[in-house]
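Below, each chain spelled out in residue letters.
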Amino acid sequence: MKLHMRNLTKSYHSHPVLNVGEATLGEHGLEGLIGPNGAGKSTLMGLLTRRIAPTTGTVVLEDGEMNHALNPIRSHQVAQLGLVKTNQRIQGFPSLTIRDNLRFAATSHAQETYRGVMDDAQIDEEIEAEIDSYLETFTFAEPDGFANSGGEKKLLDILRCFIMKPRMLLMDEPTAGLPDDVTKKVMDLVKSKVKSGDMTVIIVEHDLELIWKYCSYVHFLSEGEMLFHGTPKDVKKNRVVAEKYMGV
Amino acid sequence: MAYLIFSLSLLLIYIGLAQMLHVQFGLLGIPNFGVVGFWGLGMYAVGIMQVQLDMSFVDAMVLNALLLAAVSYGLGHLILRLERQAILCATIAFSAIVALLAVTEKWMTMGVVGLGTIRQPFRIFGIEEILFFIFLLILIIGIQFYILKLHKSRLGRLMIATRDNEELAASLGKDTFRVKLIAFTLTSAIMGILGGLSAPLNQFLTPNMIVPSITFAVWISLVLGGKEHALGSMLGVFVTFGLFDILIETYAPVSPEFAVLVPNVKLFLYGALLVGVLVFRPSGLLDQRTPSDAVVGTLGRGVLKGAVAIHQGVTKGVATVQGKIEHRKKGGGT
Amino acid sequence: MWLIRDSIFIGLLEASPLILAAMGFTLIYYLNGFINFAYGESITFGAYFAVLFNVGLGLNFYFAILPAALLAGALSVATYLFIFKPALNRGVQPSEMIILSVGLSFMLRYGLVLFVGAENTYLAEPPVAFFNFAGMGATNLQLIALILVIIFALNLYWLIYKTGYGEVIRGLANNEELAQVSGINPHKVSVRVWFIAGVAGGLSGIFSGVFALANPQMGWNLILITIMVSIVAGVGSVRGALFASIVAGILTSFITLISKPLYAEVVLLMAFILILWRRGGRIA
């Protein structure tokens, strides 16, 4: 899946915060999006998933032969098309157990009906097996209870997205708050899913080592504008990036 | 006896209202403070259709359900995107509108004069009230059964997730607005149906039946019983309405001059209870994690024991009073 | 033409209790961020305190106003210290704070009913004099109420917008820690705000009491319209509450003059729901 942006801008009270012009995300499998604080990275993520409405411009989701204009649709429809985002700040459903969180994300909305309430089979074997395998790979203190620490909640946020089997995944600072060994497991899983062609991934990160290590292509956003795109090698050498971001 | 059947029927109506509010607020987080508006609208609609238009009870109930669904759907569309405080105010405004229209639209409602008499739906002389009570009982048990199932279902999980974090649920592909709208429409329409069922119970309708204290009584029941628990609404109504309106009003030996104060004492205590619960135990008597089966068992045993105790107490009391009367008669005789 | 003139005049006279209540209510919302239904009881108790001093202790009506309003303020502070503050400290959500305030409102109201009964109580009014005002009648008490309202409103306005006190409250509402660092005692400011709000509510009750009578339900009846006016004005702005309550008063009397008073309420309530919907959610 690819995301095409045209003339995309966002202003708050006629104060412009984002002006990306023409850009395409998702052509290279696993891509990074970097930029200084306040560059508009999170705003861009919000625009792409329709959590925020753009001031001008359009976003088009290209899925093989199909093109979906995202402007007229609401955020849950974006997710139903296969475009999902993990959250930078910790988000969760405190009343649901870890398993119920994952069941909730994996369940299709067509099954959540009033008539379905009377069915005795509320458990889907396939989903349960998948949940079991995730909970084997990633350890929680109480896998049958609730996510307790901030790190567990953050991990659960990412697993919720994985289990939805998205075609395109946006990850907003996935490693902030995660222990190093968990970060590695998450990133290895992302890499294998990208490699098998299941999904394309865009990672927003401040941890540049991680970007250089995993991403095959990097976008540089500064002061609301896309200033540079290229391979990690090109980006590292680029003068603009060095000046504006890496403080050289 | 007739009065007890009437009170018990009313108790069931209250349980039904609290169950609907449980789905709205406990599961979905919609603070509907206009319960009496939906109930009152349903009650008046059925009353008007029966008395003014001479429709049969069944026809009136069906039309009433459609009317209430349409009104709730329209109102839901207007308010369900708003933040919770705004929903609360808008639903209060809705119930105030219903109460005012019951006064102003005299050509339909007869205004403060009152509308009546509404016939009993089951026309078998002598046992019609009991039949109606049994009908209500089956209805409420059915609803309770469905709610218990709902808590363990995919739909229930979706509702709880929507209450916990609506934006996150939407980002996972769930149409949260639709979930809220349909649930609000259905549950509010059922509140209206319960209102329609209250019309033959009350027989004679006046606008001062549509008072905020009914909304309030339903809320205190829900919050006291446990707003997030499948059985909280039922337990709450037993403790509030069952205790005050049935046990005390029917059995407590209250002198007539004090009896007029009972409703005020009741509302005062309701208020105090609500404050106490919210400050000291916000989850209510039953917290979300109390297993339902245990509650059903305990509750069933408790009700049974209570009923036996009351029966014994009453027979004993009656015997004592009779003894005294006979004693006095004898004394007077000699 | 007479219609406009009459509705403005009557609206202004009848809006004065509403203006006071809306300003007081807004202050509390401004500070603590939840809708306080128990504020209605400041109104009711204000009227009953006036009855206590005026009828019970035989004080002249004009002298009863001040102690009654102060007592209403004290009651408001008491509800804050003993109920709302502990709940806020426990982290109770705004939507549950409202339910809490409704519970408190019922408790206070029916506690009052147990003491004074549910019937109307009348104030021993000073002799009523009618003034002729550009062809329209107004009683001396209505005019006094209006003058008091103007004085109170101007004072409040000055306090909020000219002394910087408003900024202190806003700072407190947004960031208690920051406010503490800057040397403000948040506890003192909160108590003062709840006191001022209670006094405004009490005055509102006393003058609704003169126009009609004291009744345990009067606060509840007025609080609904107060909340609506404040929300429509954009709760959090005392300026907005002032203007919105004037407009609501004039609008009510206009609709009343062309139809029945109950219809005026229906129209206002419907307009309220539509305004909320148009605004798309945010109360403030």
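### Comments concerning the overall build of chain C
Part 1 of the argument: Secondary structure summary: chain C contains eleven helices and two strands in total.
Part 2 of the argument: Written out in order from the N terminus, the α and β elements of chain C read α-α-α-α-β-β-α-α-α-α-α-α-α.
Part 3 of the argument: In chain C, once contacts between residues fewer than 6 apart in sequence are set aside, the share between residues at least 24 apart is 77%.

### Brief notes about the overall build of chain A
Part 1 of the argument: Scanning chain A from terminus to terminus reveals nine helices and ten strands.
Part 2 of the argument: Computed over the C-alpha atoms, the radius of gyration of chain A is 19 Å, within 12% of the 18 Å expected from 2.2 N^0.38 for a compact globule of 248 residues.
Part 3 of the argument: Over its C-alpha atoms, taken along the principal directions, chain A stretches across nearly 60 × 40 × 35 Å.
Part 4 of the argument: Within chain A, buried positions represent 38% of all 248 residues.
Part 5 of the argument: Partitioning the intrachain contacts of chain A with sequence separation of at least 6 by distance along the chain shows that 68% fall at a separation of at least 24.

### Structural notes on the pairing of strand S6 (residues 83–86) of chain A
Residues and elements named next belong to chain A.
Part 1 of the argument: Where burial is concerned, the two faces of S6 agree: the one with Leu83 and Lys85 and the one with Val84 and Thr86 are both buried.
Part 2 of the argument: One ladder, built from four bridges, connects S6 with strand S7 (residues 168–172); its direction is parallel. Looking at S7, one finds that leucine 83 is bridged to methionine 168.

### Side note on helix H11 (residues 261–279) of chain C
Part 1 of the argument: In this model, H11(C) (19 residues) spans 27 Å end to end at C-alpha, consistent with the 27 Å of a helix rising 1.5 Å per residue.
Part 2 of the argument: Turning to H11(C), its buried residues are Ala264(C), Glu265(C), Val266(C), Leu268(C), Leu269(C), Phe272(C), Ile273(C) and Leu276(C).

### Let's talk about the interface of chain C and chain B
Part 1 of the argument: The interface of chain C with chain B comprises 39 residues on the first partner and 37 residues on the second.
Part 2 of the argument: Only helix H3 (61–89), helix H4 (94–116), helix H9 (218–232) and H11 of chain C provide two or more residues apiece to the side of chain C that touches chain B.
Part 3 of the argument: The element contributing the most residues to the side of chain C that touches chain B is H4(C), with 15 residues.
Part 4 of the argument: Within the side of chain C that touches chain B, the residues separate by chemical class into 30 nonpolar, five polar and four charged.

### Section: the interface of chain A and chain B
Part 1 of the argument: In this assembly, 28 residues from chain A lie in contact with 22 residues from chain B.
Part 2 of the argument: Taken together, the residues of the side of chain A that touches chain B sort by class into ten nonpolar, 13 polar and five charged.

### Brief notes about the sheet that holds strand S2 (residues 15–25) of chain A
All names here are of chain A.
Part 1 of the argument: Across the sheet, which stays open at both edges, the four strands sit in the order S2-S1-S4-S5 with antiparallel pairing between neighbours. Bordering the open sheet on either side are S2 and strand S5 (66–69), each of which pairs with just one other strand. Between one strand and the next, the sheet's axes are offset by a mean angle of 20°, whatever the strand orientation.

### A few points about helix H2 (residues 35–51) of chain B
Part 1 of the argument: The end-to-end C-alpha distance of H2(B) is 24 Å, a good match for the 24 Å that 17 residues give at a rise of 1.5 Å each.
Part 2 of the argument: For H2(B), the buried fraction is high: 17 of the 17 residues fall into the buried class.

### So, the sheet that holds strand S3 (residues 30–34) of chain A
Residue and element names in this part refer to chain A.
Part 1 of the argument: With mixed pairing, six strands are arranged side by side in an open sheet as S6-S7-S8-S3-S9-S10. Only two strands of the sheet have a single neighbouring strand rather than two, namely S6 and strand S10 (225–230). Between one strand axis and the next, the sheet turns by 20° as a mean value, whatever way the strands run.
Part 2 of the argument: Against the sheet, helix H1 (residues 41–48) contacts S3, S6, S7, strand S8 (200–204) and strand S9 (217–222), and its axis sits at roughly 150° relative to S7.

### Some thoughts on the arrangement of the chains
Part 1 of the argument: There are two pairs of chains in contact here; the most contacts are made by chains B and C.
Part 2 of the argument: There is a clear gap between chain A and chain C: no contact, and 15 Å between their nearest C-alpha atoms.

### Points about the environment of Gly313(B)
Part 1 of the argument: Within the secondary structure, Gly313(B) sits in helix H14 (residues 292–333).
Part 2 of the argument: Gly313(B) sits 280 residues away from Phe33(B) along the chain, and the two C-alpha atoms are 39 Å apart.

### Here's the deal with the pairing of S5(A)
Part 1 of the argument: For strand S4 (residues 56–63) of chain A and S5(A), the ladder comprises four bridges, and the chain directions are antiparallel. Bridge assignment links Glu62(A) to a residue of S5(A), and that residue is Asn67(A).

### Topic: the environment of Leu222(B)
Residue and element names in this part refer to chain B.
Part 1 of the argument: Relative to the assigned elements, leucine 222 resides in helix H10 (residues 212–225).
Part 2 of the argument: C-alpha separation for the pair leucine 222 and glutamate 167, spaced 55 residues apart in sequence, amounts to 26 Å.
Part 3 of the argument: Every residue in contact with leucine 222, bar those within four places of it in the chain, is listed here: Ala18, Leu21, His22, Phe25, Gly26, Lys227, Gly232, Ser233 and Gly236.

### Structural notes on unusual backbone geometry
Part 1 of the argument: Even without being glycine, Lys165(A) reaches a positive phi, approximately 50°.
Part 2 of the argument: Relative to the helices and strands, Lys165(A) resides in the loop between helix H5 (150–163) and S7.
Part 3 of the argument: Positive phi is not limited to glycine here, since Gln203(B) has a value of about 65°.
Part 4 of the argument: Of note, Gln203(B) is situated in the loop between helix H9 (176–202) and H10.

### A word on the packing of helix H13 (residues 262–280) of chain B against H4(C)
Part 1 of the argument: Where H13(B) meets H4(C), the closest approach of the two axes is 7 Å, and the angle between their N-to-C directions is 150°. Our classification of the angle between H13(B) and H4(C) gives roughly antiparallel. As H13(B) packs across H4(C), the resulting crossing turns out to be left-handed. Listed contacts from H4(C) to Asn264(B), Val265(B), Leu267(B), Phe268(B), Tyr270(B), Gly271(B), Ala272(B), Leu274(B), Val275(B) and Leu278(B) of H13(B) are Glu96(C), Ile99(C), Leu100(C), Gly103(C), Leu104(C), Phe106(C), Met107(C), Tyr110(C), Gly111(C), Val113(C) and Leu114(C).
Part 2 of the argument: Of the residues belonging to the contact of H13(B) with H4(C), the class tally is 16 nonpolar, four polar and one charged.

### Considerations on the confidence of the model for chain C
Part 1 of the argument: Chain-level statistics for chain C give a pLDDT mean of 79 and a share of 82% at 70 or above.
Part 2 of the argument: Across the assembled chains, the prediction reports ipTM 0.91 with pTM 0.87.

### Some details on the environment of Lys85(A)
Part 1 of the argument: Here Lys85(A) shows up in strand S6.
Part 2 of the argument: With 25 C-beta atoms packed within 10 Å, Lys85(A) lands in the buried category.
Part 3 of the argument: Along the sequence, Lys85(A) and Leu48(A) sit 37 residues apart, while their C-alpha atoms lie 9.3 Å from each other.
Part 4 of the argument: Every residue in contact with Lys85(A), bar those within four places of it in the chain, is listed here: Met45(A), Thr49(A), Leu170(A), Asp172(A) and Ser171(B).

### Topic: the packing of helix H4 (residues 84–104) of chain B against H11(C)
The angle between the axes and the distance between the axes are what describe a pair of packed helices.
Part 1 of the argument: Where H4(B) meets H11(C), the axes come as close as 9 Å, and the angle between the chain directions of the two elements is 155°. It follows from the interaxial angle that H4(B) and H11(C) lie roughly antiparallel. The two elements H4(B) and H11(C) cross, and the hand of that crossing is left-handed. Contact residues: H4(B) offers Ala86(B), Ala90(B), Ala93(B), Phe94(B), Ala96(B), Ile97(B), Leu100(B), Leu101(B), Val103(B) and Thr104(B), while H11(C) offers Leu262(C), Tyr263(C), Glu265(C), Val266(C), Leu269(C), Met270(C), Phe272(C), Ile273(C) and Leu276(C).
Part 2 of the argument: The residue makeup of the contact of H4(B) with H11(C), split by class, is 17 nonpolar, one polar and one charged.

Rules behind the numbers
- Residues numbered from 1 in each chain as written.
- Chains lettered and ligands numbered in written order.
- Predicted model: local features only at pLDDT ≥ 70, side-chain atom pairs only at ≥ 80, totals over all residues.
- Helix = DSSP H or I, 4+ residues; strand = E, 2+ residues; numbered from the N terminus.
- Contact = placed C-beta atoms within 7 Å.
- Rg over C-alpha atoms; globule rule 2.2 N^0.38 Å.
- Buried ≥ 20, exposed ≤ 12 C-beta atoms within 10 Å, placed from the backbone.
- Pairing = 2+ DSSP bridges.
- Expected span 1.5 Å × (residues − 1).
- Nonpolar A, V, L, I, M, F, W, Y, C, P; charged D, E, K, R; others polar.
- Axes fitted to C-alpha atoms, helices over the stretch in contact; angles between N-to-C directions.
- Parallel < 35°, antiparallel > 145°, perpendicular 65-115°, else oblique.
- Left-handed = near helix turned anticlockwise from the far one by under 90°.
- pLDDT = per-residue confidence, 0-100.

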